[in-house]
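Coordinates in review
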Amino acid sequence: MRPNSLTLRRDFAASLVVFLVALPLCVGVAVASGVPAEVGLITGIVGGLVTGLLPGSSLQVSGPAAGLTVLVYEAVETYGLGALGVIVLAAGLLQLALGALGCGRWFRAISVSVVEGMLAGIGLVIIAGQLYAMGDLTAPKTGLDKITGLPGLIGDVAGSSTALTAFAVGAGVVAVLVGWPHLPAKIRVVPGALAAVVLATGVTALADLSIAKVEVQGLLDSVNVPGSGDFGELAGVGLLGTIVAFTLIASAESLFSAAAVDRLHDGPRTDYDKELMAQGAGNAVCGVLGALPMTAVIVRSSANVHAGAVTKASRVLHGVWLLLFAALLPAVLGIIPLAALAGVLVHAGWKLLPLRHLRPMWREHRGEAVILGVTAVAIVTVNMFEGVLIGLALSVIKTAWETSHVHTTVAETPSGTLRVTLVGNATFLRLPKMLDTLEGLPADQPIELDISGLRHLDHACSTALVTWAERHNDADTVPVRIAAAGGGAHRELTAGALSAKVLSAKALPAGASAAADGEAHREQPAAEADPAATSAGASDRDRERVTAETP
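The paragraphs below set out a description of the structure included in this document. (Residues numbered from 1 in each chain as written. Predicted model: local features only at pLDDT ≥ 70, side-chain atom pairs only at ≥ 80, totals over all residues. Heavy atoms only, no water.)

**Some words on the overall build of the protein chain**
Tallying secondary structure elements over the protein chain gives 23 helices and ten strands in all. Every one of the 551 residues in the protein chain was classed for burial, and the buried ones make up 49%. For the protein chain, restricting intrachain contacts to residue pairs at least 6 apart in sequence, the fraction spanning at least 24 positions comes to 78%. Roughly 24,400 Å² of accessible area belongs to the protein chain as shown, and the carbon and sulfur atoms make up 65% of that amount. (Helix = DSSP H or I, 4+ residues; strand = E, 2+ residues; numbered from the N terminus. Buried < 20%, exposed > 50% of the residue type's maximum accessible area, 1.4 Å probe, protein only. Contact = heavy atoms within 4.5 Å. Areas by Shrake-Rupley, 256 points an atom, 1.4 Å probe, with all protein chains shown as cover.)

**Re the layout of surface pockets**
By volume, the second largest pocket is sized at about 520 Å³. Looking at the second largest pocket, it is lined by 26 residues, and the ones nearest its centre are V31, A32, Y73, Q130 and A133. Secondary structure elements with two or more residues in the lining of the second largest pocket: α1 (3-32), α3 (69-79), α5 (112-134), α6 (143-148) and α16 (338-351). Considered class by class, the residues forming the lining of the second largest pocket number 15 nonpolar, seven polar and four charged. (1 Å grid on protein atoms, 1.4 Å probe; cavity = no way out; pocket = protein on both sides within 12 Å on 5 of 7 lines; lining within 4 Å. Points joined across faces, edges and corners; volume = space filled by probe spheres on them. Nonpolar A, V, L, I, M, F, W, Y, C, P; charged D, E, K, R; others polar.)

**Section: the packing of aromatic side chains**
Where two aromatic rings form a pair, the distance of their centres and the angle of their planes describe that pair. Considering all chains together, one arrives at two aromatic pairs under this definition. Aromatic side chains F12 and W321 sit 5.8 Å apart centroid to centroid with 85° between the ring planes, which places their arrangement in the edge-to-face category. Here F12 is found in helix α1, whereas its partner W321 is found in helix α15 (residues 313-328), with 309 residues between them in sequence. (Phe/Tyr/Trp six-rings, centres within 6.5 Å; stacked < 30°, edge-to-face > 60°.)

**Comments concerning the nonpolar core**
With 71 residues, the main nonpolar core has L41, M118, F246, L292 and M384 as its most contacted residues. The leading source of residues in this core is α1, at ten residues. Not counting residues up to four positions away in its chain, the partners in contact with L41 are L23, C26, V27, L322, A326 and L333. Among the nonpolar cores identified, the runner-up in size contains 23 residues, and V410, L441, L465 and I482 belong to it. (Core = buried A, V, L, I, M, F, W, Y, C linked by side-chain atoms within 4.5 Å.)

**A word on the packing of helix α18 (residues 366-381) against helix α19 (residues 384-403)**
Between α18 and α19, the shortest axis-to-axis distance is 7 Å and the interhelical angle comes to 160°. Relative to α19, α18 is oriented roughly antiparallel. The two elements α18 and α19 meet at a crossing, and its hand is right-handed. Counted together, G367, E368, I371, V374, T375, A378 and I379 of α18 and M384, G387, V388, I390, G391, L394, S395 and K398 of α19 form the full contact between these two elements. Residue classes in the contact of α18 with α19 are distributed as eight nonpolar, five polar and two charged. (Axes fitted to C-alpha atoms, helices over the stretch in contact; angles between N-to-C directions. Parallel < 35°, antiparallel > 145°, perpendicular 65-115°, else oblique. Left-handed = near helix turned anticlockwise from the far one by under 90°.)

**A closer look at the packing of helix α4 (residues 81-100) against helix α12 (residues 237-262)**
Here α4 crosses α12 at 55°, and the two axes come no closer than 9 Å. Relative to α12, α4 is oriented oblique. The element α4 and its partner α12 pack so that their crossing is right-handed. Across the interface between the two elements, I87, V88, A90, A91, L94, Q95 and L98 of α4 pack against L239, T242, I243, F246, T247, A250 and S251 of α12. Here the contact of α4 with α12 is built from residues that sort into ten nonpolar, four polar and no charged.

**A closer look at a nonpolar patch on the surface**
A cluster of nonpolar side chains, L324, L328, L329, V332 and I335, forms an exposed patch at the surface whose accessible area comes to about 450 Å². Position of I335 relative to the elements: it lies in the loop between α15 and α16. (Patch = residues over 30% accessible without salt bridge, like charges linked within 9 Å, V, L, I, M, F, W, Y side chains within 5 Å. Salt bridge = Lys/Arg side-chain N within 4 Å of Asp/Glu carboxyl O.)

**What to know about α19**
Taking 1.5 Å as the rise per residue, α19 with 20 residues should run 28 Å; its terminal C-alpha atoms sit 29 Å apart, in good agreement. Within the sequence span of α19, burial applies to M384, G387, V388, G391, S395 and K398. Relative to the axis of α19, the buried residues are bounded by an arc of 100° and lie together on one face. Facing away from the buried surface of α19 by more than 90 degrees, the exposed residues are V396 and I397. In this fold, the buried residues of α19 make contact with α3, α5, α12 and α18. (Expected span 1.5 Å × (residues − 1). Arc of directions from axis to C-beta.)

**Notes on empty space enclosed by the protein**
Scanning the entire structure with this criterion turns up two cavities of 30 Å³ or more. Of the voids in this model, the second largest cavity is the one considered here, and its volume is about 30 Å³. Forming the walls of the second largest cavity are A245, L248, I249, F385, V388, L389 and L392. Within the residue set of the lining of the second largest cavity, elements represented by two or more residues are α12 and α19.

**Let's talk about the pairing of strand β5 (residues 447-457)**
The buried fraction of β5 amounts to nine of the eleven residues, a majority that puts the element mostly inside the structure. When strand β4 (residues 418-426) meets β5, the two strands line up parallel, connected through eight bridges. Its bridge partner being in β5, V423 is matched across the sheet by G453. The parallel pair β4 and β5, bridged by helix α20 (residues 431-439), forms a crossover whose chirality is right-handed. Relative to strand β6 (residues 481-482), β5 runs parallel, the two sharing two bridges. Residue pairing for β6: L449 is matched across the bridge by I482. (Pairing = 2+ DSSP bridges. Right-handed = clockwise from strand over helix to strand, strands pointing away.)

And the structure:
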């Protein structure tokens, strides 16, 4: 058999698998987002026929994602369904611009703990909200109200036979999805989500259960091209913030998914800038059609790879199958119970929680675990956009704190001079402890400041050191001096001298020492020195004693 024929067969088979995986997810995400079911199918179709044809990542599949459900629902509630197309269109154009400017690779620099916290917060809100939908009940609007209202939900479900029946259907779907991976491989050829929805639909029809079904209005009727009045909302700051949130979250999720998919196959690697532009083009088309925003979805992408896809033909064909289904069999959607789709999304939300990573992360990277938890809680209690911003801010603060270590070591030389050695990065974050050490020095001894070990000295620390030296000199002592790099003469402490000293010290080779009263002498960095050992091992000639150290 010719290689191209084999490739076509593999791509064709993979496209059917991806179609069967995507179908219930497209419909479920749309319903959970508060829009018609066909709107989710439109996004899936565009993800296959538009984004699927463009360069970037050859095997990852795009469509409506559970990760944006909460944000879309909030946007529709706040601005209306007509404004959704404007938001998605603007986000797509912004993605195109970012990709053209070569910003795609920079999205990979977003802290993983922030992304996992974002997904965890989204997962919690999805689970809480869809538990109400499983009982055919209306969920509260905010994430916090959804969670705090769960005890009342139990009473509402138990007190209504209709709600209890619907909840049982949804719970059955969750049970099927949980147990599906443990079934024989021959059965697992059918995607679990599709099998669960089909089983729930069959049971509902056979038992003639009176529970809510998906409302059908037709594919063309679901197209909602934004009007001129909808674009007027762009003047509002709130809508612009929502557009930025859509752009950042959709881009980050897509590019993280691309990195994960690249680890699943040996084919061509992702070009992140082109992939960002492909996502932008797809979202721009979705915006014109008034559809849901799209991202690359790891569930569909991994199914595509594991089904044996070789080229992008599989993801394009999956869009064709979605289009044919939506055009020829729309009535099928009308018999699907909403509780069944809610069960699919409860399971999808659970998979967004990084439960396996929490314990090792807490042991090895406690700061990252805190950022993850705070981001998730902020998303649940505040909203998606502000929660992500809080996570990003914490990540930056943590990084700044960890990189701003400065060690302050004080030792007495044979001549009676106190040598103060600063090693590390002197920034305002560590300034209080550094000043505590300096201000505790006696005023009746000469002091020499060695800053040749500093890699960075910011303006706040430079000014504080000069101010401290001036106060010390006012006590009628020998002026504070800095040790010249490489054994030169001492100089009086000024802001200019400090800056020049740090710059000259950066050019010295490792191990270069500063002169002290004509003798080559240098303290070990506090991070390596043991104060007890240093004191015990000091010679009579050196008489060095470590008197203070700032971590």
